[in-house]
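# Fold and contact review
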Amino acid sequence: MSNVPRWAVLAAACAAFVAAVGGCSSGSSTSDDAKKKASAEPSGGTPSGGAPSGAASGKPPSGSPAPADGSIPAGPGPQPSYTVQKQPAAGSCHYRFTPAKEPLPDTACTPGATNPKVTQATLKTTICRSGYTSGIRPPTNITGREKTANAASYGYKGSLREAEYDHLISLQLGGDPNDPRNLWVEPPSPGHQDGKGPNNPKDVVETKLKNAICSGKTDLVKAQQAIARDWTTALDAVGVTDKGAKGETTGDPDDNG
């Protein structure tokens, strides 16, 4: 019979178990350290510093870029009264330019936003109805202050009288009236003459797209996506000729911008 004490045998067995599985339990299923770690985590298992409340709501916060799938976020739509909207931080937005030097907005600051009241099913009572845009346009006492702040966002140094505070997706194409994601200070196009106000050939493109939508030649969403991506290629993108058809309107000052 072995003279090794029983306690020594048990100690050796425990040491072997520790080496194999990393611990020797005294009978408790959870260590004190594990309990402390569990109690430090918020309910639901989300660690501190995770997504903020409301991040999974599906609606991007104002000022955020367009969703990764290429769709355009919907804005709040027309309001009974408008308030001045916060603009991106000064200097945080950067213009892009086409090879022909036409200005395009920063896609992170100005991805576009749509008016949820305008859908393919509501065209006749919204953008294809004369006078619709005049009833939803924010007043200049609102947009004037936004324009000044947005000029700082883009670092625009020119005269504000020579630039247009432009809806990327225009009101006549179902753009949101006052979502900051849909508005930018658009600098003058090449050929602009100082003192004559904004020179914006984008307006003509918007009217041609609106006419194509209302005549059934193109789809609302396709036109919105095309103008948000690059207004200089939007007509080609939806297969609309750049030449006006007989009887087609060439522009309405109320609809532009």
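So, here's what we can say about the structure. (Residues numbered from 1 in each chain as written. Predicted model: local features only at pLDDT ≥ 70, side-chain atom pairs only at ≥ 80, totals over all residues. Heavy atoms only, no water.)

### What about the packing of aromatic side chains?
The final tally for this structure, using the stated rule, is four aromatic pairs. When the ring of Y95 is compared with that of W184, the centres are 6.2 Å apart and the planes differ by 55 degrees; the resulting orientation is tilted. Placement of Y95 in the loop between α2 (32–40) and β1 (96–97) and of W184 in strand β4 (residues 183–186) is noted, with a sequence separation of 89 residues between them. For the pair formed by Y95 and W184, the shared burial category is buried. Each member of the aromatic cluster is reached from another via a ring pair, and the members are Y95, F97, Y154 and W184. (Phe/Tyr/Trp six-rings, centres within 6.5 Å; stacked < 30°, edge-to-face > 60°. Helix = DSSP H or I, 4+ residues; strand = E, 2+ residues; numbered from the N terminus. Buried < 20%, exposed > 50% of the residue type's maximum accessible area, 1.4 Å probe, protein only.)

### Structural notes on the state of the cysteines
Overall, the coordinates contain two disulfides when judged by the stated rule. The disulfide that involves C93 links it to C109, with 2.1 Å between the sulfurs. Disulfide C93-C109: the torsion about the S-S bond is -100 degrees, which places it as left-handed. With C93 in the loop between α2 and β1 and C109 in the loop between β2 (103–104) and α3 (140–154), this residue pair connects regions lying 16 residues apart in the sequence. Summarising the burial analysis for this pair, C93 and C109 share the class buried. C128 shares a disulfide with C214; S-S distance 2.0 Å. With the S-S bond torsion at -95 degrees, the cross-link from C128 to C214 turns out left-handed. On the criterion of sequence distance, the pair formed by C128 in the loop between β2 and α3 and C214 in helix α4 (residues 202–214) is long-range, its members being 86 residues apart. Since its relative accessible area comes to 28%, C128 is described here as partly exposed. Judged by relative accessible area, C214 falls into the partly exposed class, the value being 34%. (Disulfide = S-S within 2.5 Å.)

### Some points on the packing of α4 against helix α5 (residues 220–229)
Interhelical geometry of α4 versus α5 gives an angle of 165 degrees and a closest axis separation of 10 Å. If you check the angle between α4 and α5, you find them roughly antiparallel. Considering only the axes of α4 and α5, their crossing is right-handed. Where α4 approaches α5, its residues K202, V205, E206, L209 and I213 are matched on the opposing element by L220, A223 and I227. Taken together, the residues that form the contact of α4 with α5 break down as six nonpolar, no polar and two charged. (Axes fitted to C-alpha atoms, helices over the stretch in contact; angles between N-to-C directions. Parallel < 35°, antiparallel > 145°, perpendicular 65-115°, else oblique. Left-handed = near helix turned anticlockwise from the far one by under 90°. Contact = heavy atoms within 4.5 Å. Nonpolar A, V, L, I, M, F, W, Y, C, P; charged D, E, K, R; others polar.)

### Section: α3
Between the first and last C-alpha of α3 there are 20 Å, a value that for 15 residues agrees with the 21 Å anticipated at 1.5 Å per step. Of the residues making up α3, those classed as buried are I142, T143, E146, K147, N150, A151, S153 and Y154. Projection of α3 onto a plane perpendicular to its axis shows the buried side chains occupying an angular sector of 155 degrees, all on one side. Residues of α3 that are buried sit in contact with β3 (164–167) and β4. Trailing α3 by a residue or two, G155 shows a phi angle of about 70 degrees, which is positive. (Expected span 1.5 Å × (residues − 1). Arc of directions from axis to C-beta.)

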